[in-house]
Amino acid sequence: MMKAIFDKGTTINAILYILQKLGGRYDIHGVSKILFFADMAHLAEWGKLITGDVYIAMKNGPVPSKIYDLFKYLRGDSYFGGVNDVAENCMRMVNRYTVESLKAPDMDYLSESNIECLDRSIAKCSALSFGELTALSHGRAYSNTSRDREISYKDMLREAGCTEGYIDYVADTFNTHYTLCNNVR
C-alpha cells in the first residue's frame, strides 16, 4: 500500500497559486478537483504527489481529506488546528463554499513540475460547471473505490494511463521515499 506524507507548505501554496490564477477566489469543489488532477498527473509523471494528501471518494467526486478539513476549519466547521492555523493567515472562506486568498503564494514551495501540473489542471477544470467537474472526476480511480473510502494511488496511476510495470515501480520507489522521509522526522 502506498502511503504519503502531507506537505502543508506546498499544499497551502498550491491552493494560493490556484486562487491567484483564478482571480483570487474560487469554490472549494473546484479547488479540490484541480488538486486531484494535478496530484494524479504529478504522481504519474514524477512518481510523487504535490500535496501528499489522501483523496476520499465522496458523492461529488474525489475530495482531498486534509485540505477539506482545512476548508472546514476556515469556515468554522472543525475543531482541528495545526496546519489550519497557518492557513488562516493565507486564506479565508468568503461563504460556505468559496475560498479567497489573502496573499500571493510563496513560489519557493512549488517546483517547476508542480506548477506545470497545476497549470494543466487549472486549464482542464476551471471552465467546467459543478456538474461537469463532478462527472469528470468520476473516472477509474473514483469508480474503483467504495463511497467514503480512500482512493488508491495505484488506481490514480491507472486512470492516468500508466502501465502496471510502471505502477509497480512507482509504488516501490514511492514507499521507499516516504519511508525514508518518515525515518528522518
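Residues numbered from 1 in each chain as written. Predicted model: local features only at pLDDT ≥ 70, side-chain atom pairs only at ≥ 80, totals over all residues. Heavy atoms only, no water.

### A closer look at helix H6 (residues 130-137)
- Every buried residue of H6 is accounted for by Leu133, Thr134 and Ser137. Around the axis of H6, the buried residues are gathered within 100 degrees of arc, so they sit on the same side.
- Where H6 is buried, its residues meet helix H2 (28-46), strand S3 (61-64), helix H5 (112-125) and helix H7 (140-143). (Buried < 20%, exposed > 50% of the residue type's maximum accessible area, 1.4 Å probe, protein only. Helix = DSSP H or I, 4+ residues; strand = E, 2+ residues; numbered from the N terminus. Arc of directions from axis to C-beta. Contact = heavy atoms within 4.5 Å.)

### Structural notes on the sheet that holds strand S1 (residues 25-27)
- Taken together, the 3 strands give an open sheet; going across it, the order is S1-S5-S4, and neighbouring strands pair in antiparallel fashion. This sheet does not close on itself; its edge strands, each paired only once, are S1 and strand S4 (91-93). Ignoring which end each strand starts from, the neighbouring axes of this sheet average 25 degrees apart.
- In this structure, S1 lies alongside strand S5 (residues 98-101), joined through 3 bridges in antiparallel fashion. (Pairing = 2+ DSSP bridges. Axes fitted to C-alpha atoms, helices over the stretch in contact; angles between N-to-C directions.)

### Focus: H5
- Taking 1.5 Å per residue as the helical rise, H5 with its 14 residues ought to reach 20 Å, and the 20 Å between its terminal C-alpha atoms agrees with that figure.
- Close packing links the buried residues of H5 with helix H1 (8-21), S1, H2 and H6. (Expected span 1.5 Å × (residues − 1).)

### Section: the pairing of S3
- Where strand S2 (residues 55-58) lies against S3, 4 bridges are found, and the strand directions are antiparallel. Across the sheet, residue Ile56 finds its bridge partner in S3, namely Val63.
- Following S2, the chain reverses through 2 residues before pairing antiparallel with S3.

### Regarding the side chain of Thr98
- Tracing the sequence through the fold places Thr98 in strand S5.
- We classify Thr98 as buried; its relative accessible area is 16%.
- When residues no more than four places from it in sequence are discounted, the contact partners of Thr98 are Arg25, Tyr26, Asp27, Arg92 and Met93.

### What about the nonpolar core?
- Of all hydrophobic cores here, the largest spans 52 residues; its most connected members are Val31, Leu35, Phe71, Met91, Leu118 and Met156.
- Looking at this core, the element that brings in the most residues is H2, giving 11 residues.
- Among all residues touching Phe71, those that are not within four sequence positions of it are Ile15, Ile28, Val31, Ser32, Met91, Met93 and Val99. (Core = buried A, V, L, I, M, F, W, Y, C linked by side-chain atoms within 4.5 Å.)

### A look at the pattern of salt bridges
- Scanning all chains against the criterion turns up 10 salt bridges.
- The salt bridge involving Asp77 is made with Arg75; its shortest N-O contact spans 2.6 Å.
- A residue is classified by how much of its surface remains accessible, and Asp77, at 36% relative accessible area, is partly exposed.
- Judged by relative accessible area, which is 19%, Arg75 ranks as buried.
- Each of the salt bridges in this network shares a partner with another, and the network as a whole consists of Arg25, Arg92 and Glu100. (Salt bridge = Lys/Arg side-chain N within 4 Å of Asp/Glu carboxyl O.)

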